[in-house]
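Structural overview for review
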Amino acid sequence: MIDFKNVTKIYSENIVALDSINLAIQAKEFAFIVGPSGAGKSTLLKLLIRQDFPNQGEIYFEDIDVVNIPKKLISIYRQQMGVTFQDLKLIECRTARENVEFALEITNKPRNEIHDTTQYLLELVNLKDREDLLPKQLSGGEKQKVAIARALANDPKILIADEPTGNLDPYSALEILDILKTVNSLGTTVLAITHDHDIVNKMKKRVIALEKGKIVSDEIGGYKYIKGGEKIDIEKEVKEQKEKTDNKEEKKTEKKGIKKKKKEEKNEISILKLSKSLEKKLLDNKFDTFDKLLDITEEDIEKAKITQKQLEEITKAIAKLKEK
Ligand code: ADP
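For clarity, every value in this text was computed on a predicted model and none was experimentally measured.

Further remarks concern the pairing of strand S10 (residues 214-221). Sheet topology places strand S9 (residues 205-211) next to S10; seven bridges connect them, and they run antiparallel. Along S10, the bridge assignment pairs isoleucine 208 with aspartate 218. Between S9 and S10, which pair antiparallel and follow one another directly, the connecting turn spans two residues, one of which, lysine 212, has a positive phi of 50 degrees.

The structure is reproduced here in C-alpha coordinates:
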(Lines give C-alpha, C1' and ligand atoms only; values in the text may rest on other atoms or scores of the structure.)
Protein backbone atom coordinates (compact mmCIF):
# COMPACT_ATOMS: atom_id res chain seq x y z
CA MET A 1 0.00 0.00 0.00
CA ILE A 2 2.78 2.42 0.91
CA ASP A 3 6.23 2.28 -0.62
CA PHE A 4 9.07 4.65 0.21
CA LYS A 5 11.98 4.05 -2.16
CA ASN A 6 15.33 5.51 -1.23
CA VAL A 7 13.69 8.65 0.18
CA THR A 8 15.84 11.48 1.47
CA LYS A 9 14.61 14.76 2.91
CA ILE A 10 17.07 17.51 3.67
CA TYR A 11 15.72 20.71 5.19
CA SER A 12 18.98 22.57 4.98
CA GLU A 13 22.54 21.50 4.36
CA ASN A 14 23.05 20.05 7.81
CA ILE A 15 19.54 18.87 8.66
CA VAL A 16 18.99 15.50 7.07
CA ALA A 17 15.52 14.58 8.34
CA LEU A 18 15.26 11.34 6.34
CA ASP A 19 18.26 9.53 4.97
CA SER A 20 17.69 7.04 2.10
CA ILE A 21 14.59 5.47 3.63
CA ASN A 22 13.21 2.24 2.16
CA LEU A 23 9.92 1.22 3.70
CA ALA A 24 6.93 -0.82 2.54
CA ILE A 25 3.65 -1.11 4.39
CA GLN A 26 1.04 -3.62 3.26
CA ALA A 27 -2.70 -3.04 3.12
CA LYS A 28 -4.48 -3.97 6.40
CA GLU A 29 -1.24 -3.87 8.40
CA PHE A 30 -1.01 -2.26 11.83
CA ALA A 31 2.38 -0.65 12.26
CA PHE A 32 3.98 1.74 14.70
CA ILE A 33 6.58 4.30 13.73
CA VAL A 34 8.66 5.08 16.77
CA GLY A 35 11.77 7.02 17.61
CA PRO A 36 13.01 9.92 19.69
CA SER A 37 12.13 13.51 18.98
CA GLY A 38 13.81 14.73 15.80
CA ALA A 39 14.12 11.21 14.36
CA GLY A 40 12.11 12.11 11.24
CA LYS A 41 8.66 10.68 12.08
CA SER A 42 6.65 13.81 11.27
CA THR A 43 8.68 14.36 8.12
CA LEU A 44 7.73 10.87 6.96
CA LEU A 45 4.06 11.71 7.55
CA LYS A 46 4.35 15.08 5.78
CA LEU A 47 5.87 13.43 2.70
CA LEU A 48 3.19 10.75 2.65
CA ILE A 49 0.30 13.21 2.74
CA ARG A 50 2.14 15.41 0.22
CA GLN A 51 2.56 18.34 2.53
CA ASP A 52 6.18 18.43 1.45
CA PHE A 53 8.50 16.93 -1.16
CA PRO A 54 11.54 14.67 -0.71
CA ASN A 55 14.87 15.81 -2.14
CA GLN A 56 15.41 12.34 -3.51
CA GLY A 57 13.50 9.10 -3.95
CA GLU A 58 10.02 7.90 -4.81
CA ILE A 59 6.89 7.50 -2.72
CA TYR A 60 3.94 5.38 -3.81
CA PHE A 61 0.51 5.03 -2.26
CA GLU A 62 -1.00 2.04 -4.04
CA ASP A 63 -0.34 2.95 -7.69
CA ILE A 64 -0.16 6.67 -7.05
CA ASP A 65 3.17 8.39 -7.56
CA VAL A 66 2.77 10.71 -4.56
CA VAL A 67 5.61 13.10 -5.40
CA ASN A 68 4.11 13.85 -8.80
CA ILE A 69 0.42 14.26 -7.92
CA PRO A 70 -0.84 17.43 -9.62
CA LYS A 71 -1.67 20.14 -7.09
CA LYS A 72 -5.37 20.19 -7.89
CA LEU A 73 -5.70 16.47 -7.14
CA ILE A 74 -4.00 16.59 -3.74
CA SER A 75 -7.23 17.05 -1.78
CA ILE A 76 -8.78 14.02 -3.51
CA TYR A 77 -5.63 12.02 -2.77
CA ARG A 78 -5.78 12.99 0.89
CA GLN A 79 -9.41 11.87 1.18
CA GLN A 80 -8.13 8.32 0.95
CA MET A 81 -6.29 8.75 4.22
CA GLY A 82 -7.65 9.59 7.62
CA VAL A 83 -5.14 11.51 9.69
CA THR A 84 -5.28 12.51 13.34
CA PHE A 85 -2.77 15.23 14.10
CA GLN A 86 -0.89 15.82 17.34
CA ASP A 87 -2.83 19.03 17.99
CA LEU A 88 -6.08 17.30 16.89
CA LYS A 89 -7.37 20.35 14.97
CA LEU A 90 -10.95 19.98 16.29
CA ILE A 91 -13.41 22.80 15.62
CA GLU A 92 -13.81 24.32 19.07
CA CYS A 93 -17.23 25.86 18.44
CA ARG A 94 -18.77 22.58 17.31
CA THR A 95 -19.83 19.58 19.35
CA ALA A 96 -18.23 16.15 19.09
CA ARG A 97 -21.02 15.06 16.72
CA GLU A 98 -20.79 18.21 14.60
CA ASN A 99 -17.04 17.80 14.26
CA VAL A 100 -17.60 14.37 12.70
CA GLU A 101 -20.52 15.62 10.60
CA PHE A 102 -18.42 18.46 9.26
CA ALA A 103 -15.94 16.04 7.66
CA LEU A 104 -18.86 14.48 5.77
CA GLU A 105 -20.49 17.80 4.90
CA ILE A 106 -17.38 19.07 3.14
CA THR A 107 -17.40 16.03 0.86
CA ASN A 108 -21.06 16.77 0.03
CA LYS A 109 -22.54 13.57 1.42
CA PRO A 110 -26.37 13.40 1.53
CA ARG A 111 -28.02 14.36 4.85
CA ASN A 112 -29.17 10.84 5.80
CA GLU A 113 -25.74 9.37 5.08
CA ILE A 114 -24.11 12.08 7.22
CA HIS A 115 -26.45 11.19 10.09
CA ASP A 116 -26.03 7.40 9.85
CA THR A 117 -22.25 7.46 9.38
CA THR A 118 -21.78 9.89 12.26
CA GLN A 119 -23.88 7.76 14.61
CA TYR A 120 -21.97 4.63 13.59
CA LEU A 121 -18.59 6.29 14.15
CA LEU A 122 -19.56 7.80 17.51
CA GLU A 123 -20.57 4.33 18.66
CA LEU A 124 -17.37 2.83 17.29
CA VAL A 125 -15.26 5.19 19.39
CA ASN A 126 -17.61 4.84 22.36
CA LEU A 127 -18.60 8.48 22.51
CA LYS A 128 -22.37 8.40 22.05
CA ASP A 129 -23.03 9.80 25.53
CA ARG A 130 -20.72 12.76 24.92
CA GLU A 131 -21.82 13.66 21.40
CA ASP A 132 -23.37 17.01 22.36
CA LEU A 133 -20.34 18.32 24.23
CA LEU A 134 -17.87 20.83 22.85
CA PRO A 135 -14.18 19.89 22.62
CA LYS A 136 -13.36 22.09 25.64
CA GLN A 137 -15.83 20.02 27.70
CA LEU A 138 -14.16 16.74 26.75
CA SER A 139 -11.19 14.95 28.33
CA GLY A 140 -7.97 14.41 26.37
CA GLY A 141 -8.95 10.82 25.56
CA GLU A 142 -12.43 11.83 24.44
CA LYS A 143 -11.02 14.55 22.18
CA GLN A 144 -8.71 11.96 20.64
CA LYS A 145 -11.77 9.76 20.02
CA VAL A 146 -13.52 12.62 18.19
CA ALA A 147 -10.41 13.10 16.06
CA ILE A 148 -10.35 9.38 15.21
CA ALA A 149 -14.07 9.30 14.37
CA ARG A 150 -13.65 12.37 12.17
CA ALA A 151 -10.60 10.90 10.44
CA LEU A 152 -12.65 7.79 9.62
CA ALA A 153 -15.64 9.75 8.30
CA ASN A 154 -14.90 9.29 4.62
CA ASP A 155 -13.99 5.62 4.95
CA PRO A 156 -10.25 6.03 4.35
CA LYS A 157 -8.04 3.14 3.31
CA ILE A 158 -5.55 4.04 6.00
CA LEU A 159 -5.73 5.71 9.38
CA ILE A 160 -2.57 7.58 10.33
CA ALA A 161 -2.50 8.59 13.97
CA ASP A 162 0.20 11.03 15.06
CA GLU A 163 0.90 10.54 18.79
CA PRO A 164 -2.59 9.16 19.52
CA THR A 165 -1.78 8.54 23.17
CA GLY A 166 0.36 11.65 23.79
CA ASN A 167 -0.40 13.14 27.21
CA LEU A 168 -3.06 10.54 28.03
CA ASP A 169 -3.24 8.57 31.27
CA PRO A 170 -2.46 4.83 30.86
CA TYR A 171 -6.16 3.81 30.97
CA SER A 172 -7.23 6.27 28.25
CA ALA A 173 -4.15 5.35 26.20
CA LEU A 174 -5.15 1.69 26.25
CA GLU A 175 -8.72 2.58 25.33
CA ILE A 176 -7.47 4.52 22.29
CA LEU A 177 -5.27 1.60 21.28
CA ASP A 178 -8.23 -0.70 21.56
CA ILE A 179 -10.16 1.53 19.17
CA LEU A 180 -7.24 1.55 16.71
CA LYS A 181 -7.14 -2.24 16.95
CA THR A 182 -10.86 -2.47 16.18
CA VAL A 183 -10.49 -0.08 13.24
CA ASN A 184 -7.69 -2.28 11.92
CA SER A 185 -9.72 -5.46 12.38
CA LEU A 186 -12.46 -3.89 10.27
CA GLY A 187 -10.00 -3.73 7.37
CA THR A 188 -8.38 -0.30 7.63
CA THR A 189 -4.59 -0.07 7.59
CA VAL A 190 -3.34 1.68 10.72
CA LEU A 191 -0.09 3.57 11.06
CA ALA A 192 0.55 5.02 14.50
CA ILE A 193 3.38 7.44 15.17
CA THR A 194 4.42 7.53 18.79
CA HIS A 195 7.17 7.70 21.33
CA ASP A 196 5.12 5.94 23.99
CA HIS A 197 7.06 2.69 24.19
CA ASP A 198 4.86 1.20 26.94
CA ILE A 199 1.85 1.00 24.69
CA VAL A 200 3.90 -0.20 21.74
CA ASN A 201 5.30 -3.04 23.82
CA LYS A 202 1.82 -4.14 24.83
CA MET A 203 0.59 -4.41 21.27
CA LYS A 204 3.09 -6.84 19.74
CA LYS A 205 2.66 -5.31 16.28
CA ARG A 206 5.17 -4.24 13.66
CA VAL A 207 7.47 -1.53 15.01
CA ILE A 208 9.52 0.60 12.63
CA ALA A 209 12.10 2.52 14.62
CA LEU A 210 13.64 5.69 13.23
CA GLU A 211 16.71 7.38 14.55
CA LYS A 212 18.40 10.40 12.99
CA GLY A 213 16.48 9.89 9.76
CA LYS A 214 17.36 6.23 9.34
CA ILE A 215 15.38 3.07 10.00
CA VAL A 216 17.34 1.37 12.77
CA SER A 217 15.00 -1.54 13.30
CA ASP A 218 11.83 -2.98 11.82
CA GLU A 219 10.31 -5.99 13.53
CA ILE A 220 7.24 -7.40 15.19
CA GLY A 221 7.29 -6.99 18.93
CA GLY A 222 8.29 -4.19 21.23
CA TYR A 223 10.00 -0.86 21.12
CA LYS A 224 13.71 -1.42 21.03
CA TYR A 225 16.40 -0.30 18.78
CA ILE A 226 19.99 -0.99 18.17
CA LYS A 227 22.78 1.56 18.23
CA GLY A 228 26.17 0.59 16.83
CA GLY A 229 25.21 -3.07 17.09
CA GLU A 230 24.46 -2.88 20.81
CA LYS A 231 21.05 -2.83 22.43
CA ILE A 232 20.63 0.39 24.34
CA ASP A 233 18.66 1.20 27.45
CA ILE A 234 15.69 2.63 25.65
CA GLU A 235 13.76 3.65 28.76
CA LYS A 236 16.68 5.77 29.94
CA GLU A 237 17.31 7.25 26.50
CA VAL A 238 13.69 8.16 25.94
CA LYS A 239 13.42 9.72 29.41
CA GLU A 240 16.53 11.81 28.86
CA GLN A 241 15.42 12.85 25.40
CA LYS A 242 11.97 13.76 26.73
CA GLU A 243 13.39 15.87 29.56
CA LYS A 244 15.63 17.73 27.13
CA THR A 245 12.84 18.35 24.64
CA ASP A 246 10.32 19.30 27.34
CA ASN A 247 12.70 21.95 28.70
CA LYS A 248 13.29 23.32 25.22
CA GLU A 249 9.59 23.22 24.35
CA GLU A 250 8.62 24.97 27.59
CA LYS A 251 10.98 27.84 26.87
CA LYS A 252 9.82 28.03 23.26
CA THR A 253 6.12 28.05 24.24
CA GLU A 254 6.76 30.73 26.84
CA LYS A 255 8.47 32.96 24.28
CA LYS A 256 5.81 32.25 21.68
CA GLY A 257 3.07 33.10 24.19
CA ILE A 258 4.55 36.50 24.93
CA LYS A 259 5.04 37.25 21.24
CA LYS A 260 1.52 36.10 20.34
CA LYS A 261 -0.06 38.19 23.09
CA LYS A 262 1.74 41.29 21.88
CA LYS A 263 0.57 40.66 18.34
CA GLU A 264 -3.00 40.00 19.46
CA GLU A 265 -3.13 43.21 21.42
CA LYS A 266 -2.60 45.13 18.20
CA ASN A 267 -5.41 43.64 16.14
CA GLU A 268 -6.46 40.09 16.91
CA ILE A 269 -8.88 39.19 14.16
CA SER A 270 -6.70 40.54 11.38
CA ILE A 271 -4.10 37.86 12.20
CA LEU A 272 -6.43 35.36 10.52
CA LYS A 273 -6.26 37.23 7.21
CA LEU A 274 -9.94 36.58 6.47
CA SER A 275 -11.73 38.14 3.52
CA LYS A 276 -12.65 41.76 4.21
CA SER A 277 -16.41 41.09 4.15
CA LEU A 278 -16.14 38.23 6.66
CA GLU A 279 -13.84 40.23 8.93
CA LYS A 280 -16.34 43.10 8.89
CA LYS A 281 -19.20 40.73 9.68
CA LEU A 282 -17.29 39.35 12.67
CA LEU A 283 -16.33 42.78 13.96
CA ASP A 284 -19.90 44.07 13.50
CA ASN A 285 -21.07 41.19 15.67
CA LYS A 286 -18.41 41.90 18.30
CA PHE A 287 -16.21 38.91 17.58
CA ASP A 288 -13.24 41.16 17.90
CA THR A 289 -10.92 38.92 19.89
CA PHE A 290 -9.50 35.53 19.15
CA ASP A 291 -10.97 34.07 22.36
CA LYS A 292 -14.47 35.24 21.48
CA LEU A 293 -14.13 33.73 18.04
CA LEU A 294 -13.07 30.37 19.47
CA ASP A 295 -16.10 30.41 21.77
CA ILE A 296 -18.53 31.13 18.96
CA THR A 297 -21.73 29.08 19.27
CA GLU A 298 -24.22 27.77 16.73
CA GLU A 299 -26.63 30.51 17.88
CA ASP A 300 -24.05 33.22 17.25
CA ILE A 301 -23.41 31.81 13.81
CA GLU A 302 -27.10 32.02 12.99
CA LYS A 303 -27.46 35.49 14.46
CA ALA A 304 -24.48 36.88 12.58
CA LYS A 305 -25.62 35.07 9.41
CA ILE A 306 -22.26 33.37 8.97
CA THR A 307 -22.50 30.93 6.06
CA GLN A 308 -21.05 27.39 5.95
CA LYS A 309 -18.47 28.66 3.49
CA GLN A 310 -17.43 31.46 5.81
CA LEU A 311 -17.29 29.04 8.74
CA GLU A 312 -14.98 26.90 6.71
CA GLU A 313 -12.86 29.96 5.93
CA ILE A 314 -12.55 30.69 9.67
CA THR A 315 -11.73 27.06 10.49
CA LYS A 316 -9.06 26.91 7.81
CA ALA A 317 -7.55 30.21 8.93
CA ILE A 318 -7.40 29.03 12.56
CA ALA A 319 -5.84 25.72 11.52
CA LYS A 320 -3.27 27.58 9.44
CA LEU A 321 -2.46 29.85 12.36
CA LYS A 322 -2.10 26.84 14.66
CA GLU A 323 0.26 25.21 12.19
CA LYS A 324 2.44 28.33 12.20
P1 ADP B 1 10.12 13.79 14.73
O2 ADP B 1 8.73 13.90 14.20
O3 ADP B 1 10.62 12.39 14.80
O4 ADP B 1 10.29 14.50 16.03
P5 ADP B 1 10.81 15.57 12.55
O6 ADP B 1 10.45 14.86 11.31
O7 ADP B 1 9.87 16.62 13.04
O8 ADP B 1 11.12 14.51 13.70
O9 ADP B 1 12.23 16.27 12.37
C10 ADP B 1 13.38 15.62 11.84
C11 ADP B 1 14.51 16.64 11.75
O12 ADP B 1 14.19 17.63 10.78
C13 ADP B 1 14.75 17.40 13.04
O14 ADP B 1 16.12 17.62 13.15
C15 ADP B 1 14.01 18.68 12.85
O16 ADP B 1 14.59 19.73 13.60
C17 ADP B 1 14.17 18.92 11.36
N18 ADP B 1 13.04 19.66 10.77
C19 ADP B 1 11.75 19.28 10.77
N20 ADP B 1 10.99 20.18 10.09
C21 ADP B 1 11.84 21.14 9.66
C22 ADP B 1 11.68 22.34 8.89
N23 ADP B 1 10.50 22.72 8.41
N24 ADP B 1 12.79 23.08 8.63
C25 ADP B 1 14.01 22.68 9.08
N26 ADP B 1 14.23 21.58 9.79
C27 ADP B 1 13.16 20.82 10.09
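Note that side chains of opposite charge can pair when their charged atoms are close. By the definition in use, this model includes 19 salt bridges. Of the charged contacts in the structure, one is a salt bridge between lysine 157 and glutamate 62, with a shortest N-O distance of 2.8 Å. With a gap of 95 residues between them, lysine 157 in the loop between helix H5 (140-151) and strand S7 (158-162) and glutamate 62 in the loop between strand S4 (56-61) and strand S5 (64-65) connect regions that are remote in the sequence. The class of glutamate 62 is partly exposed, set by a relative accessible area of 36%. Two residues, glutamate 131 and arginine 97, come together in a salt bridge whose shortest N-O distance is 3.5 Å. Residue glutamate 131 is located in the loop between helix H4 (111-124) and H5, and its partner arginine 97 is located in helix H3 (residues 96-105); the two are separated by 34 residues in the primary sequence. Through salt bridges with shared partners, a single network forms among Arg94, Arg97, Glu101, Glu105, Arg111, Lys128, Glu131 and Asp132.

Tyr11, Ile15, Ala17, Pro36, Ser37, Gly38, Ala39, Gly40, Lys41, Ser42 and Thr43 make up every residue found near the ligand. The contact in question runs from an oxygen atom of the ligand to an N or O atom on the backbone of alanine 39, over 3.1 Å. In isolation the ligand offers 550 Å² of accessible surface; the protein chains occlude 62% of this area. Broken down by element, the residue count for the shell around the ligand peaks at three residues, all from helix H1 (residues 41-48). Classifying every residue of the shell around the ligand gives five nonpolar, five polar and one charged.

Before going further, it helps to examine the domain arrangement of the protein chain. Examined at the domain level, the protein chain breaks down into domain 1 (2-246) and domain 2 (265-324). Each of domain 1 and domain 2 was reduced to a C-alpha centroid, and the two centroids are 29 Å apart. Taken together, the contact pairs 12 residues of domain 1 with 10 residues of domain 2. Contact between domain 1 and domain 2 buries roughly 970 Å² in total, counting both sides, with carbon and sulfur atoms accounting for 49%. Three residues stand out in domain 1 for area buried against domain 2, namely Lys89, Cys93 and Arg94, and they jointly supply 44% of the buried area on that side. At the boundary of domain 1 with domain 2, the tally comes to zero salt bridges. Seen at the junction of domain 1 and domain 2, the total is zero residue pairs in polar contact (both at pLDDT 80 or more). Among the residues making up the side of domain 1 that touches domain 2, the classes are represented as five nonpolar, no polar and seven charged.

Here we take up the sheet that holds S4. With respect to topology, four strands assemble into an open sheet ordered S2-S1-S4-S5, the strand pairing being antiparallel. Looking at strand neighbours, the two that pair on one side only are strand S2 (15-25) and S5, the edges of this open sheet. Sheet topology note: the strand S1 (residues 2-12)/S2 ladder contains seven bridges and is antiparallel. Looking across to S2, one finds that lysine 9 is bridged to leucine 18.

Each value, and the rule that gives it
Residues numbered from 1 in each chain as written. Predicted model: local features only at pLDDT ≥ 70, side-chain atom pairs only at ≥ 80, totals over all residues. Heavy atoms only, no water. Pairing = 2+ DSSP bridges. Helix = DSSP H or I, 4+ residues; strand = E, 2+ residues; numbered from the N terminus. Salt bridge = Lys/Arg side-chain N within 4 Å of Asp/Glu carboxyl O. Buried < 20%, exposed > 50% of the residue type's maximum accessible area, 1.4 Å probe, protein only. Near = heavy atom within 4 Å. Polar contact = N/O pair within 3.5 Å; in protein donor to acceptor, adjacent residues only side chain to side chain. Areas by Shrake-Rupley, 256 points an atom, 1.4 Å probe, with all protein chains shown as cover. Nonpolar A, V, L, I, M, F, W, Y, C, P; charged D, E, K, R; others polar. Domains from an automatic or database assignment. Contact = heavy atoms within 4.5 Å. Buried area = accessible area lost by both parts, 1.4 Å probe.

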